[in-house]
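Residue strings, one per chain:
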Amino acid sequence: MAGGSGDVRKVFIFTTAQNYFGLVSEPWDQPLTYSCPEVNNFLDDGNQMLLRVQRADAGVSFSNAIDFADTKDKVLVFFKLRPEVITDKNLHSNILVSSMLESPINSLYQAVRQVFAPVLLKDQEWSRNFDPKLQNLLSELETGLGIVLRRSDTNSSKLKFKEDDTRGILTPSDEFQFWVEQAHRGNKQISKERANYFKELFETIAREFYNLDSLSLPEVVDLVETTRDVVDDVWRQTEHDHYPESRMLHLLDIIGGSFGRFVQKKLGTLNFWGDPYYLVKDNLKAGISICEQWVIVCNHLTGQVWQRYVPHPWKNEKYVPETLEKLGKRLEEVLAVRTIHEKLLYFLPASEEKIICLTRVFEPFTGLNPVQYNPYTEPLWKAAVSQYEKIIAPAEQKIAAKLKNYISEIQDSPQQLLQAFLKYKELVKRPTISKELMLEREALLARLVDSVKDFRLDFENRCRGVPGEASGPLSGKNLSEVVNNIVWVHQLELKVDDTLKIAEALLFDLSGFRSFHRSAEDLLDQFKLYEQEQFDDWSRDIQSGLSDSRSGLCIEANSRIMELDPNDGSLKVHYSDRLVILLREVRQLSALGFVIPAKIQQVANIAQKFCKQAIILKQVAHFYNSIDQQMIQSQRPMMLQSALAFEQIIKNSKAGSGGKSQITWDNPKELEGYIQKLQNAAQRLATENRKLRKWHTIFCEKVVVLMNIDLLRQQQRWKDGLQELRTGLASVEAQCPLAWQSKWEGPEDPVQYLRGLVARALAIQSWVERAEKQALFSDTLDLSELFHPDTFLNALRQETARVMGCSVDSLKFVASWKGRLQEAKLQIKMGGLLLEGCSFDGSRLSENHHDSPSVSPVLPCCVGWIPQGAYGPYSPDECISLPVYTSAERDRVVANIDVPCGGNQDQWIQCGAALFLKNQ
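Keep in mind that this is a model prediction, so the values were computed, not measured.

Student: Honestly, the overall build of the protein chain in this entry has me stumped. Any pointers?
Tutor: The secondary structure content of the protein chain amounts to 30 helices and 19 strands. Sequence separation of at least 24 residues holds for 67% of the intrachain contacts in the protein chain that already meet a minimum separation of 6.

And the structure:
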């Protein structure tokens, strides 16, 4: 048989090659082909291990070697497992067949990735018997081949990098990994920075796509929206060279492919005709949403947004992922079939006919997987749907009358009527039922006509008003007037559009439909014209403001970033709030599909460049301008040093090592360092303020606790509480003013405090008894026996004013060591005074001697209130006014007394002369 036309070996090789290259059969019957020496060598020579087959002009060519030139076209290779002559017995056990497309690297990578790595690494039996070292080598080989494939022109022997070559990018994860590799292996620093920028943008979705199969359908619905934002950011970035359009087109395509395969895999586990309806409906709606949303994303970005983006416009036609779009429509058809079935069940009676119908209704779909959409399965699906419709036709005729009766009962309620048609729209679309419901559909059309009229009237009444007012457009949150008006009209537009879609789906065959359609389309055109007018007015206002330095829309890159206002001392950032609003407006209007004028876009780009730093600086400025309101009044001196240090950083906003020039917006490194210094200083000040406020609260709580302690029975608890207070004070003692700290001074021993308390209480009782006997003013009074001696002296002043019939402000306080006061209507003899800093013998002050006590008693004196114009017992030139304190700590003044000193008042001021009451 060798060399003959009946040689089964050659038939195997020739038939395999014929099928692979798609050739007709005639050339294979020629004797010349069967006598090919390369084929004979491969079959008959045990040492010849390989046979290469390649397409040629005259059919195919054979060779026993592979050249580099062979890789330009697809190649089929036969090779032996063992060096043996091929016979009809070992033909299928000793020959392996392999094909090679595009490049040997790509072919090897795909073979390892799709065939050998899954078998040897993931299959339990093979992986258990496979050396771990070899497993690692296989993984490294797959990774390395992938890197080479993603970074090189695989048709070139030098493996040059071409960024627009995406043949090695088969999944979104491949694209994300490509930029990771470029960030590490780029030839130039600027290329690495660009790759790292794209890598960071893609990181937002990279993990989700890598673990796509583990996500749920609702999670992927959210992922579609996130992916839209990421690819939009990638396309719009202006920090580096633009993302290539061909690469973005490929990325959108493989993302759509990943979403489609995910939907098919998730829905493929469902039994669409047997699982509960709610489960099938929810999963199908999620799958439809994924397909529809990504189609909308691609259509909107490449058909509108990117085509109008001046810095990097989309030049090709808009891209629509057709396969994904058709998959979504197939899923809608599946949902419609199952929904119609559920509606039929609702209306059909529970009879034997119903049971028979249920058993037959889904028979046409047996053996057909609806989610496997492709051009080859489409005819099968359409045939199954057609057969299904024939089966349900008798049931449709029976329920048409029931649905008509149901709708007629609610026909007077427009809202219920609309809801009924929406609820049963799948049934209403059926030709038989649609014909039966002709009058009801006419009534619905009349309601929709009225609805469009209402939308028109509402628009005309509000379109010229102020947003938020009764006669103006409805207002939303965080929207400027122009964006608010456009969004409001856009919402009306969506309502009219929904109304139009309902009519197109259910009422298109009615006589009044065309008139309604024209009216709705006319209103939609009116809405679009209003939106364009609003945008044009906004564009003119902004462009006019760009030439006015006072508008807040101008930002100079070389201008100072912030300064202190010389009028009120507030810190102001040279980045106006109007710029922040402009950025938001540009972003929102772009998302709504408007083309931003180049001049405005340029200003927005500059503002966006500094926006992050400006927001931080505004936060710092707000902190600086409001920190005094956050401080407790008594604690402000404690924070003076930190506040001054913070202010010093603000004032010394100099750049460079010598600090000679001001920091400006166009000096990013200096600006970042300066912002960091400001944030650190602000953080220190805020931390210190929080710490002091916390201690203030703690001290207040502890004082309240001390006030409720029984000093006689809980002495130890008093001491413990007081010690806690002093420990807390010690922690802030370096910052605590003496005047504030002295508030916490006092006896540690409550017994000492109680003794003074009891002594004063007994003394007050004695004062009361003498006052009742009218003998109080005749005795010498010791004011240290009172809790509030200043209150007693004030009461004496008020009583004197009442007796004299004058105002209290017209009286002055005087003292006399010569005897009674002639001008005083009421007076007392005061004792118990002590003098510190000098001595007093009743006539005049004198200096202390070296052996004199530091504190000496003072003779009793007469004190009282006399008119301001009256002469006192002493001449003003020979007296000095000394304060009378409640204690030697000199923390509270009771009164001031003129004491004779013989002149030279400065001498006694320098010696620190003062009076105070003796301790009880």
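Student: Which parts of the structure should I look at to understand the sheet that holds strand E16 (residues 861-867)?
Tutor: Strand-to-strand pairing in sheets goes through backbone hydrogen bonds, with the strands running parallel or antiparallel. Read across the sheet, 4 strands follow the order E9-E11-E16-E10 without closing on themselves; strand pairing throughout is mixed. The open sheet is flanked by strand E9 (780-782) and strand E10 (811-816), the only strands paired with a single partner. If you compare each strand with its neighbour and ignore which way they point, the axes differ by 40° on average.

Student: Would you mind showing me how to read the packing of helix H19 (residues 438-462) against helix H21 (residues 513-545) here?
Tutor: How two helices pack is summed up by the angle between their axes together with the distance between the axes. Relative orientation of the contacting elements H19 and H21 amounts to 20°, with a least axis distance of 10 Å. Comparing the axis directions of H19 and H21 gives the class roughly parallel. For the pair H19 and H21, the crossing hand works out as left-handed. Residues Leu445, Leu448, Val449, Val452, Phe455, Arg456, Phe459 and Glu460 of H19 pack against Phe513, Phe516, Ser519, Ala520, Asp522, Leu523, Gln526, Phe527 and Tyr530 of H21. Along the lines of polarity and charge, the residues of the contact of H19 with H21 split into 12 nonpolar, 2 polar and 3 charged.

Student: Would you mind going over the packing of H21 against helix H22 (residues 577-591) with me for this structure?
Tutor: Between H21 and H22, whose axes approach to 13 Å, the crossing angle comes to 145°. For the pair H21 and H22, the sense of crossing is left-handed. Across from Phe535, Trp538 and Ile542 in H21, the residues of H22 making contact are Arg578, Leu582, Glu585, Val586 and Leu589. In the contact of H21 with H22, the residues fall into 6 nonpolar, no polar and 2 charged.

Student: Would you mind going over the environment of Asp891 with me for this structure?
Tutor: Tracing the chain through its elements places Asp891 in the loop between strand E17 (879-885) and strand E18 (893-900). Filtering out sequence-adjacent residues up to four positions away, Asp891 remains in contact with Tyr885 and Thr886.

Student: Help me out: how do you make sense of the pairing of strand E3 (residues 75-80) in this one?
Tutor: Each regular strand shows side chains that alternate between the opposite faces of the sheet. Of all 6 residues that make up E3, 5 are buried, and the element is covered over most of its length. Relative to E3, strand E1 (residues 50-56) runs antiparallel, the two sharing 5 bridges. Bridge pairing in E3 places Arg52 opposite Val77. For E3 and strand E4 (residues 95-100), the ladder comprises 6 bridges, and the chain directions are antiparallel. Paired with Phe78 across the bridge in E4 is Val97.

Student: Can you walk me through the sheet that holds E18 in this structure?
Tutor: Sheet architecture is open: 5 strands sit in the order E15-E12-E19-E17-E18, paired in mixed fashion. Looking at which strands have only one partner, the edges of the open sheet turn out to be strand E15 (855-857) and E18. Strand-to-strand, the axes of this sheet are offset by a mean angle of 30°, without reference to chain direction. Inspection of the sheet shows E17 paired to E18 by 7 bridges, in the antiparallel sense. Bridge pairing in E18 places Ile880 opposite Val899.

Student: It is not clear to me how the pairing of strand E2 (residues 59-63) should be interpreted in this structure. Could you clarify?
Tutor: Across the 5 residues that make up E2, a large majority, 4, are buried. Bridging between E1 and E2 involves 5 bridges; their strand directions are antiparallel. Within E2, the residue paired with Arg52 across the bridge is Ser63.

Student: Any chance you could explain unusual backbone geometry here in plain terms?
Tutor: Trans peptide bonds make up the majority, and among non-glycine residues the majority have a negative phi. Notably, Gln774 is not glycine yet its phi reads approximately 60°, a positive angle. Relative to the assigned elements, Gln774 resides in the loop between helix H28 (750-772) and E9.

Student: So what exactly am I meant to see when it comes to the confidence of the model for the protein chain here?
Tutor: As a note on interpretation, predicted positions should not be read in detail where pLDDT is low. Here the protein chain averages 81 in pLDDT, and 87% of its residues register 70 or above. The low-confidence segment residues 153-160 (pLDDT under 50) makes 18 contacts with residues lying over four places distant or belonging to another chain.

Student: Any chance you could explain the pattern of salt bridges here in plain terms?
Tutor: Evaluated as defined, the whole model comprises 26 salt bridges. Across the pair Arg228 and Asp232 runs a salt bridge whose closest N-O atoms are separated by 3.7 Å. Separated by 4 residues within a single helix, Arg228 and Asp232 lie in helix H10 (residues 217-236), roughly one turn from each other. The pair formed by Arg228 and Asp232 is uniform in burial state, with each residue classed as buried. Lys918 is the salt-bridge partner of Asp782, the closest N and O atoms lying 3.2 Å from each other. With Asp782 in strand E9 and Lys918 in the segment after strand E19 (914-917), the pair connects residues that are 136 residues apart, well separated along the chain. Take Asp782: its relative accessible area is 10%, and that puts it in the buried class. Each of the salt bridges in this network shares a partner with another, and the network as a whole consists of Arg228, Asp229, Asp232 and Arg236.

Student: Is there a simple way to explain the packing of aromatic side chains in this structure?
Tutor: Within this structure, the stated rule accounts for 31 aromatic pairs. Judged by centre distance (5.7 Å) and plane angle (45°), the rings of Trp179 and Tyr243 are tilted. Of the two residues, Trp179 is situated in helix H8 (residues 172-185) and Tyr243 in the loop between H10 and helix H11 (245-267); the sequence distance between them amounts to 64 residues. Taken together, Phe176, Phe178, Trp179, Tyr197, Phe198, Phe202, Phe209, Tyr243, Phe259 and Trp294 form an aromatic cluster joined through their ring pairs. Positioned above the aromatic ring of Phe42, the side-chain terminus of Lys80 is 5.2 Å from the ring centre. When the ring centre of Tyr309 is taken as reference, the NZ or CZ atom of Arg236 above it lies at 4.9 Å.

Student: Mind showing me how you'd approach the side chain of Glu531 here?
Tutor: Position of Glu531 among the secondary structure elements: in helix H21. We note that Glu531 is buried and unpaired, the nearest opposite charge coming from Lys528 at a distance of 5.7 Å.

Student: Looking at this structure, how should I read the environment of Tyr406?
Tutor: Following the sequence through the fold, Tyr406 ends up in helix H15 (residues 378-409). In sequence terms Tyr406 and Leu417 are 11 residues apart; their C-alpha atoms lie 10.0 Å from each other. Filtering out sequence-adjacent residues up to four positions away, Tyr406 remains in contact with Ala420 and Tyr424.

Student: How do you make sense of the state of the cysteines when you look at a structure like this?
Tutor: Joining two cysteines, a disulfide is a covalent bond between their sulfur atoms. On inspection of all chains with the given rule, the structure shows 0 disulfides. No disulfide involves Cys838; its sulfur sits 4.7 Å from that of Cys911, the nearest cysteine. Residue Cys911 is classed as partly exposed on the basis of its relative accessible area of 30%.

Student: Is there a simple way to explain the environment of Gly842 in this structure?
Tutor: Relative to the helices and strands, Gly842 resides in the loop between strand E13 (839-840) and strand E14 (845-846). The class for Gly842 is buried, based on a relative accessible area of 15%. Through-space distance from the C-alpha of Gly842 to that of Ser816 is 9.1 Å; in sequence the pair is 26 residues apart. Those residues in contact with Gly842 that lie beyond four places of it in its chain are Trp817 and Leu859.

Basis of the calculations
- Residues numbered from 1 in each chain as written.
- Predicted model: local features only at pLDDT ≥ 70, side-chain atom pairs only at ≥ 80, totals over all residues.
- Heavy atoms only, no water.
- Helix = DSSP H or I, 4+ residues; strand = E, 2+ residues; numbered from the N terminus.
- Contact = heavy atoms within 4.5 Å.
- Pairing = 2+ DSSP bridges.
- Axes fitted to C-alpha atoms, helices over the stretch in contact; angles between N-to-C directions.
- Parallel < 35°, antiparallel > 145°, perpendicular 65-115°, else oblique.
- Left-handed = near helix turned anticlockwise from the far one by under 90°.
- Nonpolar A, V, L, I, M, F, W, Y, C, P; charged D, E, K, R; others polar.
- Buried < 20%, exposed > 50% of the residue type's maximum accessible area, 1.4 Å probe, protein only.
- pLDDT = per-residue confidence, 0-100.
- Salt bridge = Lys/Arg side-chain N within 4 Å of Asp/Glu carboxyl O.
- Phe/Tyr/Trp six-rings, centres within 6.5 Å; stacked < 30°, edge-to-face > 60°.
- Lys NZ or Arg CZ within 6 Å of the ring centre and 35° of its normal.
- Lys, Arg positive; Asp, Glu negative; His and termini not counted.
- Disulfide = S-S within 2.5 Å.

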